[in-house]
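Listed here are the chains, written in short residue letters.
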Amino acid sequence: MSASPQVEDGHIKIANELYDAVLSYPFTARQLKVLLAIVRKTYGFNKKRDDVSASQISALCGVQRNHVTSALNELAALNVIFKVAGEYGSIVELNKDYTSWTSPESGHPLSQNGTSPEMGHPHGKLLILEHGCPESGQVSQSGTCPKTGQVDSPKSGHTKDNLPKDIKHSRAKKSAEVADEEFEEAWRLYPKRDGGNSKTAARKAWDTRRREGIAATSMIEGVKRYAKQVVDAGNVGTRFVKMASTFFGPDHHFDGEPDLASAPTEAAGLSWWRRAGFEKEWQATNEGCSERYAHLWRNGKRVIDGALA
């Protein structure tokens, strides 16, 4: 039987202007799916906001739950949605004032016509001189500023590829400095481990995630959570700390559930073998567990990177 959707059975009522803003914004594929799921859960039920869990959004749009959490944080950081803690998950709402959405390139709010005030074109892609050269106020017959070479033409304006070299260099330098500061903050917070932990490999994985649209703040918060887990488990300085390149890798460990190794130990008064999950000391010894390394065991099993061996 063929499908025959009817408006009477439910539909999403959204202003064309707002819908156009969503279409023109440079969301990542994951961000767009999550945003459309939010629209479905709110506008689809004639509501401005809804208390929804990451699992619900995941089931609706097909994005893994941990990636949904990252996308929600990224959309909130871009001011595209409002998000606060709710009873079931997060209370989310699409920010209708799309001019206040933050440009992912410039970091500035978009202007009244959906453009970046700094760049003068949607999402900072094009710089057009509508009132002459910023240096002299004049434009040559060729349509360029005599001093800077900027173009006064909607069709041939400056793109990021033909901006004057000093402007391109300045922006690239500023962007690189911000990226360096963010990674260095994450590296400073990352727990120390026994054995190799290449900073270069970690930075490469970090940069790959950033190009995928993962917010630096999401990964830094993930590092903070993981560092606490490692400290609580007594694993600092051991080989059971993940390599940073793995943590920032394609499996998104920074979005993961709390490691089992971070679970609080039992009462301090218990014997070390009982804290490790054994009834008798000889049972622990036979399994290779000792008092020194009892903190690496849970329920009679050794813990490796948060999972039972």
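Attention here is on the structure that accompanies the text. (Residues numbered from 1 in each chain as written. Predicted model: local features only at pLDDT ≥ 70, side-chain atom pairs only at ≥ 80, totals over all residues. Heavy atoms only, no water.)

**Side note on the sheet that holds strand β3 (residues 90-94)**
Taking strand neighbours across the sheet as the criterion, the three strands line up as β1-β3-β2 in an open arrangement whose pairing is antiparallel. Looking along the sheet, the strands with just one partner apiece sit at the ends: β1 (49-52) and β2 (81-85). Along the sheet, successive strands turn relative to each other by an average axial angle of 20 degrees, direction set aside. As defined by bridge partners, β2 adjoins β3 across five bridges and the pair is classed as antiparallel. Opposite Ala85, over in β3, you have Ser90 as the bridge partner. (Pairing = 2+ DSSP bridges. Helix = DSSP H or I, 4+ residues; strand = E, 2+ residues; numbered from the N terminus. Axes fitted to C-alpha atoms, helices over the stretch in contact; angles between N-to-C directions.)

**Here's the deal with the packing of helix α3 (residues 54-61) against helix α4 (residues 65-77)**
Running from N to C, α3 and α4 cross one another at 105 degrees; their axes reach a closest spacing of 8 Å. Relative to α4, the element α3 is oriented roughly perpendicular. From α3, Ala54, Ser55, Ile57 and Ser58 reach across to α4, where they touch Arg65, Val68, Thr69 and Leu72. (Parallel < 35°, antiparallel > 145°, perpendicular 65-115°, else oblique. Contact = heavy atoms within 4.5 Å.)

**A closer look at the packing of helix α6 (residues 199-211) against helix α7 (residues 216-233)**
Contact geometry of α6 with α7 gives a least axis separation of 10 Å together with a crossing angle of 135 degrees. As far as their axial angle goes, α7 and α6 are oblique. Here Trp206, Arg209 and Arg210 of α6 come into contact with α7, specifically with Ala216, Met219 and Ile220.

**Thoughts on unusual backbone geometry**
At Asn79, a position not held by glycine, the phi torsion is positive, near 65 degrees. As for its placement among the helices and strands, Asn79 is situated in the loop between α4 and β2. For Asn79, a relative accessible area of 25% puts it in the partly exposed group. Residue His252 is not a glycine yet carries a positive backbone phi of 55 degrees. Counting through the fold element by element, His252 comes out in the loop between α8 (244-247) and α9 (272-275). (Buried < 20%, exposed > 50% of the residue type's maximum accessible area, 1.4 Å probe, protein only.)

**A look at the pattern of salt bridges**
Counted under the stated rule, the structure contains eight salt bridges. Across the pair Glu184 and Lys199 runs a salt bridge whose closest N-O atoms are separated by 3.1 Å. Linking Glu184 in helix α5 (residues 165-189) with Lys199 in helix α6, this pair joins segments that are 15 residues apart in sequence. Its salt-bridge partner being Lys224, residue Glu221 comes within 3.4 Å of it at the nearest N-O pair. Residue Glu221 and its partner Lys224 are both found in helix α7; the two are separated by three residues, about one turn of the helix. (Salt bridge = Lys/Arg side-chain N within 4 Å of Asp/Glu carboxyl O.)

**Quick word on the nonpolar core**
Val34, Ile57, Val80 and Trp101 are the most contacted members of the largest nonpolar core, which totals 28 residues. Taken together, the elements giving at least two residues each to this core come down to α1 (16-24), α2 (29-42), α3, α4 and β3. Of all the elements, α2 adds the most residues to this core, at five residues. Those residues in contact with Val80 that lie beyond four places of it in its chain are Phe27, Leu35, Leu75, Glu93, Leu94, Asn95 and Trp101. Core analysis: the next-biggest nonpolar cluster, separate from the first, contains 19 residues, Phe183, Ala186, Ala216 and Val230 among them. (Core = buried A, V, L, I, M, F, W, Y, C linked by side-chain atoms within 4.5 Å.)

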